[in-house]
Each structure stands twice: as C-alpha cells, then as structure tokens.
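The chain contents come next:
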Amino acid sequence: MSSDSLSFCPMCFIMIKINVPRDSGTCTRCPMECTMSSHATSWSCTITLRIGFDNNGQDLQRPTTVSFGQTITDRSEVEVWLRRAQAAILNPNVPSSIFHTKTIEEIRNTRSTLKFSRNVVCVSIEDPDATDLSFYDLPGLIQNEEAETVALVKSLAEHYTKKENTIILTTIPMSDDMENQQSMSLARAADPNGKRTIGVLTKPDTLGAGAINQRRKWVEIIEGHSEDHTLRHGFYCVRLPDDAERAQHLSRAESQRRAAEYFDTTSPWKDVTDRRRFGIPSFVSDVSRLLIELIEEALPRLREDVEKLLAKCAKDLDALPPPLANDPQIEVLGRVNAFCDVFKSFVNGSHKDKSLAQRNRALYALFKREIRGTAPDFRPFDEPEHYIPLDDTEGKMILTERDPGVKVMGIHDIHRVIQEAIGWELPNNVPYQAKANLIAQFTKLWVAPSERCLAAINLVLDQVIKELISIHFGRFKVLEEYVGNLIRIQVDVSKAHAQEAVKTALDLETVPHYTQNTHYLQTLREKWLAHYKTARNRSSQYICDEDESTSEPYDSDGDEATLEPYVSTLETPEAKALRALAEAGYPNLRVPDLARLLPPDEFEEELIVMADVRAYYHVAYKRIIDHIPLTIEHALHHALAKQLSQSLLTSLLTDVASGPNFSERMNELVTEDLSIAQKRAMLSTRKQRLSDIRRRLVTFSNGA
C-alpha cells in the first residue's frame, strides 16, 4: 500500500526478482495479485485477469477469469506483460487479446476507458527457489481526483489490508511530509497494534542538502525516536534506480551496490547506527523473519482449519458414488436386478421402508368409508324426510359421510318401485326385479370410489417407482432415462391390467345377486325387519330434532350382526316382555322377535323388501371392501413385481444387442454424469493439496 501514485510499487516484486514498470507517469491502477509456488523445476510466470466488477465497480453475478497471453519463461518479459494486462483491465470494452502484441510505447499512447479498476491482474510464478506466499500490489492512494475515484482507491486498500494473515507494506516517498501520508492512517485502522505493518521510505535522494529539517525528521523516524510516527517493526529506507540508471540496464547487484554506497557515504544516512534499516537486502531479510513469526503464530489455527477442511472434503467425497469398478454390462444388469428385488420387497412389505404398504392401507381404509357411505337410506315412514336416518339396527348411530348419489326412500317410494316392477306375478308375490333394481342403486355407486382408489394407488406407485429409479440408476443419467422409460412402460401395462381387473370385480356385483353367506344374510334380514317395524310403530321417537343433528358419528365396520346389545342398569320394557314370555313358556326369544307380536302392517311387503335389500347390502359391502383392494394388489403390484425383472432384462438385452456395438452401448449407459466426475476430481485434488499443506505445516512446526 502506497501514497505514491507515480509508480508501480516495486518492493514486493523486488523480492521475487522481476522488473516492474518504473518510468515516470506509470502507476498501479488496479490490484495486482502475485502468487509464488516452489512446486516447480524451472521458473515460469502466467498472467490472468480476474473480472469480478463492471465498469462502475459493481459486483458481477458471475465473475470470470481470463487467461492473458502464454506462459512466460523469461523474467525480462514480465514488465511489458504487466503493462499490457493492466491496460486490458482499464479498457474492459476492448477484447483483452488486442493488448497481447502492443508495445510499451503503444500502451503509453492508449487512452484508457477507466482511471482505476477493482478487477485484478493475477500473476502466478513457479520458482523452485521461491517461498510459497501471495501478495498484492495496490494502487497508490490519491487525492487530486474525482471523489468517486478517490473513494474507490481507498476502498481497495481497506479491503485488502483487513485480512489478519496479511503483512502491510506501506511505502512513503520522503519527498513528501509524513503527516500527509494516508497510507499510514489506513494501516493503523487495519492493524491497530502494528503486528503486521512495515514502513518503507523511498526516494531519499530527492532531499537536497538544504533540506536539513526534513532530513532530521526522517532520521528520527528511521531510528525510532519520533514520538508521532512509530511502528512496532519500524521503518526501512531504500533507494531505487532513477531514470538515468534504469536507462543503463544495471544489474540487480550493481543497483544494490550503488544504493549501499549512497547510504554509507551520504549524510545524514551514513551516521545512523542501525545499518539494517537501509537497503533492500536488509528489508527483505527482516520481512522474511516477520513472515515466519506470523506463520508460527498462526500455525495452531492453520492446522485446525486444515483439519476441518480435510474432514469436510472427505465427507463430500464419501457422499459421491465411488468410481465405476465393474464391467459395464455387469453394472447395468446388477442395478436392474437390485431395483427389481427392492421393488418386490416394497410390494411384499418386507423392506424396511413400509411407505408403499402403509400409504396403500390408508387409501383402502378411505375406500371402505366411501363404500359404507353408499348404504341405502330407507326410512319406513310416509314422509321420510321428517325422520332421522336408520343407519344401524340399534338406532344409536348415524352416518356422517354419505354418498351424494344415495336417495332417501320412504315406504311409498318402495311401494312405487314394487309397482313398477310387477309383471305377471300372482297376488302377494313381490317381483324379484324390484329388489334387484334397489340393489343396483347402491352397487352402481361403487364404481366411482373404486376408480378413485385405483387412481390414488397408481399415484403412490408412480412416486415409489420414481424414487427407486433415482436411487438405483440416478448416478448414470443415460441409464436412468433409458431404463426409467422401460420401467414406466411396464408400469403402464400393469395399470391397464389392474383397471380391467377392477372393472371385472365390479361387474361381479351386478348380476346375479348371490351369496352363500345365507346365515349372515338371514340374521341381518330379521334384525332390519324388526327394526323397521318397530320404527313404524314408534315413529314419534324418530322424528328429526335439531338437537339430534350432533348425534355420534357411525364408527362401526357395518356389521350389524355383531353389534353389542344395549346394556342398562334398569330393566327395559322389552326385557320385561321377554321375561314374561319366558315365564309363560316361550323361552329363548330375542328383542327382534317381539316385532312379530305387532299387528299386521298394510306395508308389510315394503318393509320386507327394505329388510332384504338392506341385509344384502351389508353382505356385498363386506365382500367388496376386501375384493377391490386385493384385486388391485394382485393385478397391479404383485403382477408388476413378478414380471418386471424378466421384461426389463428382455427389453434391455434385445434393444442393446440390436445395435451396431453392444459393448459401446453398455459403456454409454453407465457414462457417469460429467458434473459428478468433475466434482470428484476437484475434491480429490483439494484433498491432496490439503494433505500436502498439513504435512508441510507439521514439518514447519517441527523444524521451528
């Protein structure tokens, strides 16, 4: 960092033994980052441009790094390439390659678009004799420019000097007063304790013999006697070649000899006791010592950081799939077989992931509730809408989820159905067609819930298949797409078969209406007939009441034959009647039997039809809520799991073998995603680099 805006800061570049532009009118107008590495067998230099800001100094969304020229192997060529690189940075609207061939004179005559820039010229030097380190040469602080430009240069200095592992070299021309040096103020702000700041005084030969007071002040600063200007590491004074000497192309050794002669023979410098404060060799030696001190101080933290980075790098590598080790054909077939085995275990419920079975069970439970909601809503009254539903034979529960297709039917509605079905039946014979028509009213409502259930099951299957495809084939995108398409074709075939199977299962519930579960049917018929007769005889107890709209929801599985009898501590009228009949010689009677004692009802036939249809609904309901789920499971999941392996392998081998080159096609299928391969290579390189750093830190620590 410098307050001198008339030249490139040469101090750091001197340490790496290359020349930089030093003629009048030339200055650093953008940050220059120099990285030195000793991992080389010969000296070389490459230059790149890191573009992270636009013409207004605003951050770009996507910073870019542009190579600038070829690798430099001659140290003497670095100077002109640095001039070219800075000119390219200052002219962002011109292709950087235009500057590759420009001469120094052409660059001097180029009118730049920008005065200063945040974008960086990166200099990478490979030198077997170098010390591994990085440094920045920043534009000198300025004052006689537009406020925006002054602020930009100042912000650059503040940005680069705030890092704790950075040594701040602030160069101060002795031709100016110390009190005017902004660089010192910024250095103190960034490094209040002065642990990493070194002052370098330049241009001592510009002080004439008559500048006695100025010379005395500078001597006090160099000797550390100045009360106003002190640094923990002190100040160094150097003399660099002037224009005439540069024109002579003096060697580095000759330049340093002349500087040493100047300090040893010129007052007041020759009278300063501490001679290490003069000349570049002493400065370089002390900077190296300071670097070692900072490194030793930072070693524990550096080792900790390296260990953390190594652990993260290893974790990221472990998260990536290992490089392909098997023959491509073995890899493909192995993954196909593994996929089929895992899918079969999902279907059977033997896999540790039970999501397929559990989600399907939940959908089948929903299907059961929907089928329960299709139960006939028979109310054996003249005006059924004024009475509560009779949804169980105990009269205690009411369905809360009823299919909108279910119509409320009273005694006259049933009578009308019977009348419409009469053909040539003899009197007192209810047509069977009347019951068949009523049964059809609820069985036709089973189509929509069955289709919804199958659609939901298909959606779950698609999600499981997609996840398993990603798990087993996702590493190889070509294979994932290819095998995924084959799997989805087979899934679609199984879906179509399952749809036909469900349709067939529903057709079984159309005609004939049949069951061999006659005992269950008869029991339910008697219970419902007694319930309907009792309700008609006690119709006042079933009239709708607004307070009864909150009655307990139906929570039974629909099996009225197994409902628990009502238990009370008081003897009910029905219990008294049964006890009296038993004493009179009529034992073993039940409450439903009491309905036979009721007087004949003019709608006896209608009540019997209601009871027959209601009883058959429960028999069919019990059947369908198991039949549809089992049909879906066997026609869809189990059929797919059984035939998937054979169909996939047949399709795969037939298709691949039909191509011109079987081996190439297999290699193509298991071509790893480029981003994964690049990430693995990047992480492996990073891990190796971090391991090298850790080893060198240990070696350095032991040596120290």
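Structure: above.
Here the structure is a predicted model, which means the values were calculated and not measured. (Residues numbered from 1 in each chain as written. Predicted model: local features only at pLDDT ≥ 70, side-chain atom pairs only at ≥ 80, totals over all residues. Heavy atoms only, no water.)

Asker: Give a description of unusual backbone geometry that names residues and reports values.
Answerer: Geometrically, the link from Ser267 to Pro268 is a cis peptide bond, its omega value of 0° lying close to zero. Of note, Pro268 is situated in the loop between helix 8 (252-265) and helix 9 (280-319). The step from Val511 to Pro512 runs through a cis peptide bond, and the omega angle for that step is -5°. Tracing the sequence through the fold places Pro512 in the loop between helix 15 (477-507) and helix 16 (518-537). Residues other than glycine seldom take positive phi values, yet Lys203 does so here, at roughly 60°. Here the phi dihedral of His249 falls at roughly 55°; this positive angle occurs in a residue that is not glycine. (Helix = DSSP H or I, 4+ residues; strand = E, 2+ residues; numbered from the N terminus.)

Asker: Mind laying out the sheet that holds strand 4 (residues 120-126), listing which residues take part and the relevant values?
Answerer: With respect to topology, 5 strands assemble into an open sheet ordered 3-2-4-1-5, the strand pairing being mixed. Edge positions in the open sheet fall to strand 3 (59-72) and strand 5 (133-137), since each of these has one partner strand only. Strand after strand, the sheet turns through a mean of 20° between neighbouring axes, direction not considered. Against the sheet, helix 2 (residues 78-90) engages strand 1 (32-37), strand 2 (44-53), strand 3 and strand 4, with an angle of about 10° to strand 2. (Pairing = 2+ DSSP bridges. Axes fitted to C-alpha atoms, helices over the stretch in contact; angles between N-to-C directions. Contact = heavy atoms within 4.5 Å.)

Asker: Break down the side chain of Ser282 for me, with residues and values.
Answerer: The topology assignment puts Ser282 in helix 9. By relative accessible area, Ser282 is classed as buried at 15%. Leave out the neighbours within four places in its chain, and Ser282 touches Tyr236, Arg275 and Arg276. (Buried < 20%, exposed > 50% of the residue type's maximum accessible area, 1.4 Å probe, protein only.)

Asker: Explain the nonpolar core to me, using residue names and the numbers behind them.
Answerer: Membership of the largest hydrophobic core comes to 85 residues, with the highest contact counts inside it found for Phe339, Phe343, Ile487 and Ile632. A total of 22 residues in this core trace back to one element, the largest contributor, which is helix 18 (residues 604-657). Every residue in contact with Ile487, bar those within four places of it in the chain, is listed here: Phe339, Ile465, Ile469, Phe473 and Leu648. With 25 residues, the next largest nonpolar core counts Met32, Leu49, Trp81 and Leu82 among its residues. (Core = buried A, V, L, I, M, F, W, Y, C linked by side-chain atoms within 4.5 Å.)

Asker: Go over the side chain of Asp127, please, and point to the residues and values.
Answerer: Take Asp127: it is sitting in the loop between strand 4 and strand 5. Not counting chain neighbours up to four residues away, the residues in contact with Asp127 comprise Ser37, Ser38, Ala40, Trp43 and Arg75.

Asker: Describe the state of the cysteines, listing the residues and the values that go with them.
Answerer: Should the sulfur atoms of two cysteines be covalently bonded, the bond is a disulfide. On inspection of all chains with the given rule, the structure shows 0 disulfides. Lacking any disulfide linkage, Cys30 is separated from the closest cysteine sulfur, that of Cys122, by 9.4 Å. When its relative accessible area of 0% is taken as the criterion, Cys30 is described as buried. (Disulfide = S-S within 2.5 Å.)

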